[in-house]
Amino acid sequence: MGIADFKQRMASGAPLAGTFLKTASHELVEIFARSELDFICLDAEHAPFDRARMDACVAVSRALDFPVLVRVADGSAKEILQALDMGATGIVCPHVDSVQKAQELAKNCHFGLGGRGFAGSTRWAGFATRPMPEVLAQTDQTVVIAQIEEPAGVEDIEGIASVEGVDGIFIGPADLSVGYGYNHQTSDELFAAFERCGAAAKANGKTYMSWVPNGAKAKEWSKYGMSMFFIGSEHSWMLRGANADAAGVHEI
Ligand SMILES: C[C@H](O)CC(=O)C(=O)O
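Just so it is clear, the structure is predicted and the values come from calculations on it, not from any experiment. (Residues numbered from 1 in each chain as written. Predicted model: local features only at pLDDT ≥ 70, side-chain atom pairs only at ≥ 80, totals over all residues. Heavy atoms only, no water.)

Trainee: So what exactly am I meant to see when it comes to the site of the ligand here?
Mentor: The environment of the ligand is formed by Arg71, Gln147, Glu149, Gly172, Pro173, Ala174, Asp175 and Trp211. In this structure, Asp175 approaches the ligand through a main-chain N or O atom, which is 2.8 Å from an oxygen atom. Considering each element in turn, the shell around the ligand owes the most residues, three residues, to helix α9 (residues 173–179). Per-class residue counts for the shell around the ligand are three nonpolar, two polar and three charged. (Near = heavy atom within 4 Å. Polar contact = N/O pair within 3.5 Å; in protein donor to acceptor, adjacent residues only side chain to side chain. Helix = DSSP H or I, 4+ residues; strand = E, 2+ residues; numbered from the N terminus. Nonpolar A, V, L, I, M, F, W, Y, C, P; charged D, E, K, R; others polar.)

Okay, structure coming up:
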C-alpha cells in the first residue's frame, strides 16, 4: 500500500483517509507517513508552500512511499507541471466549473493528451536513471482530481465526470455552500448537489470525495457515495488536541 497502487485503491472505492497539510514542513510529512492516514494533500491553494518547501515535502513522501497530492492554486499548466515533476502522486485542482476546465486539467496532467512537458532529470522521472518509455508509462499512476465548488460545476457535473483522465470528483463543501448563498453547510440545495455529483461520479467510475471536519462527518457523508476524505488539517488537529489537554488542566 503505497504510491504505485494508490490510484487503484481510489478506484476500488476503498475508504481512504487523508488531510490537508497547511504547514510546509517535511517533518510533518514524515510524521503523517508513519500514521494511519492513506495520503496527505499539500494545500498550495490556501497555504504558503513555496517551490523549495513543496519539493522537500514531496521528496520525503516519495522516500517513505507515502502518497502525496498537491492542491494547486489555479490549475495552470506551469503549476501542475512543477508539482508533478517534483514527484507528486497527483493533483487536486480547485474551481473546476466547466467541462472545458476539466479537459484542460486532464491535458496538463498527462503526456498522452499533449499538455504536460517531459524532462528526464526530475524526481518523478528518477533523475535520468530510467528509460523514457518506462517513465512515460508511469503517467498511469498520476491521480487527477477535479474540485467542484461552484453551482456552475454542479450544473456541468455529468460532463465533467465523463472527462477522460479525471479520476476523482471532490466536493468543496465550504465554497459550494457559499456559492449557494449560505454561510453554513446545511442547506437542502447543497445536499442535492452532493447527490447529483455522487450519481455522476458513480456513473462514470470516478472516485467521489470531500473535505470533512472529522471522521464522524466522513461516516455520515459516505451515504452520498463518497469514499475518500480530506479530514480537517494539522491545524484543526493541533487545536483540538491542545484544547482538550488544556481543558483537562483548567478543570482542576
Ligand atoms: C475547506 C477546504 O479547504 C475544502 C474546500 O475547499 C471547500 O470549499 O470546502
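Text resumes after the structure shown.
Trainee: What is the right way to read the pairing of strand β7 (residues 207–212) from this model?
Mentor: The side chains of a regular strand alternate between the sheet's two faces. For β7, the tally of buried residues reaches five of six residues, placing the bulk of the element in the interior. Both β7 and strand β8 (residues 228–233) contribute to a ladder of four bridges, which runs parallel. Across the sheet, the residue bridging to Val212 is Ile231, located in β8. Following the backbone out of β7, through helix α11 (residues 215–221) and into the adjacent parallel β8, one traces a crossover that is right-handed. (Buried < 20%, exposed > 50% of the residue type's maximum accessible area, 1.4 Å probe, protein only. Pairing = 2+ DSSP bridges. Right-handed = clockwise from strand over helix to strand, strands pointing away.)

Trainee: What am I meant to see in the pattern of salt bridges here?
Mentor: Side-chain pairs of opposite charge can arise where the charged atoms are in close proximity. Counted under the stated rule, the structure contains 14 salt bridges. A salt bridge links Arg196 to Glu155; the shortest N-O distance between them is 3.4 Å. Separated by 41 residues along the polypeptide, Arg196 in helix α10 (residues 188–203) and Glu155 in helix α7 (residues 151–155) bring together distant segments of the chain. On the accessibility criterion, Arg196 (28% relative accessible area) is partly exposed. Judged by its relative accessible area of 53%, Glu155 is exposed. Between Lys217 and Glu220 there is a salt bridge, with its nearest N and O atoms 3.3 Å apart. Placement of both Lys217 and Glu220 in helix α11 is noted, with a separation of three residues, approximately one turn of the helix. Here the salt bridges do not stand alone but share partners, grouping Lys22, Asp43, Glu45 and Arg71 into one network. (Salt bridge = Lys/Arg side-chain N within 4 Å of Asp/Glu carboxyl O.)

Trainee: What exactly am I supposed to notice about helix α3 (residues 51–63) here?
Mentor: Along an α-helix, a turn takes 3.6 residues, which lines up residues three or four apart on a common side. When the terminal C-alpha atoms of α3 are compared, their 18 Å separation across 13 residues agrees well with the 18 Å that a helix rising 1.5 Å per residue should span. For α3, the set of buried residues is Met54, Cys57, Val58, Val60 and Ser61. Each buried residue of α3 sits inside an arc of 160° when the element is viewed along its axis, so together they form one side. Exposed positions of α3 whose direction lies more than 90 degrees from the buried face are Arg51, Ala52 and Ala63. Two to three positions downstream of the cap, the backbone nitrogen of Ala52 sits 3.3 Å from a side-chain oxygen, assigning the N-cap of α3 to Asp50. Trailing α3 by a residue or two, Asp65 shows a phi angle of about 55°, which is positive. (Expected span 1.5 Å × (residues − 1). Arc of directions from axis to C-beta.)

Trainee: What is the right way to look at the sheet that holds strand β1 (residues 16–21) in this model?
Mentor: Sheets are built from strands paired through backbone hydrogen bonds, the pairs being either parallel or antiparallel. The parallel closed barrel is built from eight strands, whose spatial order is β1-β2-β3-β4-β5-β6-β7-β8. Here the strands of the sheet are splayed against their neighbours by 25° on average, with no regard to which way each runs. (Axes fitted to C-alpha atoms, helices over the stretch in contact; angles between N-to-C directions.)

Trainee: Any chance you could explain the pairing of β1 here in plain terms?
Mentor: The buried count for β1 comes to five of six residues, which makes it a mostly enclosed element. Judged from the four bridges that link them, β1 and strand β2 (residues 39–43) form a sheet pairing that is parallel. Residue pairing across strands places Gly18 opposite Phe39, the latter belonging to β2. Chirality of the crossover, the property in question, places the unit of β1, helix α2 (residues 26–33) and β2 among those that are right-handed.

Trainee: What is the right way to read the nonpolar core from this model?
Mentor: In globular proteins that are soluble, nonpolar side chains generally tend to be buried together. In terms of nonpolar packing, the biggest core is built from 57 residues, with Ile40, Leu42, Phe49, Met54, Leu105, Ile169 and Tyr208 touching the most fellow members. The leading source of residues in this core is α10, at six residues. Look past the residues within four positions of Ile40 in its chain and what remains in contact with it is Thr19, Leu21, Val29, Phe32, Phe66, Pro67, Val68 and Leu69. Listed in part, the 14 residues of the second largest apolar core include Met10, Leu16, Leu69 and Phe230. (Core = buried A, V, L, I, M, F, W, Y, C linked by side-chain atoms within 4.5 Å. Contact = heavy atoms within 4.5 Å.)

Trainee: So what exactly am I meant to see when it comes to the packing of α3 against helix α4 (residues 77–86) here?
Mentor: Two numbers describe a pair of packed helices, the interaxial angle and the distance between the axes. Direction vectors running N to C along α3 and α4 enclose 40°, while the axes themselves pass 9 Å from each other. The residues of α4 that touch α3, namely those facing Arg51, Met54, Asp55, Val58 and Arg62, are Gln82, Ala83 and Met86. In terms of residue class, the contact of α3 with α4 is made up of four nonpolar, one polar and three charged.

Trainee: Any chance you could explain the state of the cysteines here in plain terms?
Mentor: Each disulfide consists of one covalent bond between the sulfur atoms belonging to two cysteines. Throughout the structure, instances matching the rule amount to zero disulfides. With no disulfide of its own, Cys41 lies 11 Å from the sulfur of Cys93, the closest cysteine sulfur. No disulfide involves Cys109; its sulfur sits 7.7 Å from that of Cys93, the nearest cysteine. (Disulfide = S-S within 2.5 Å.)

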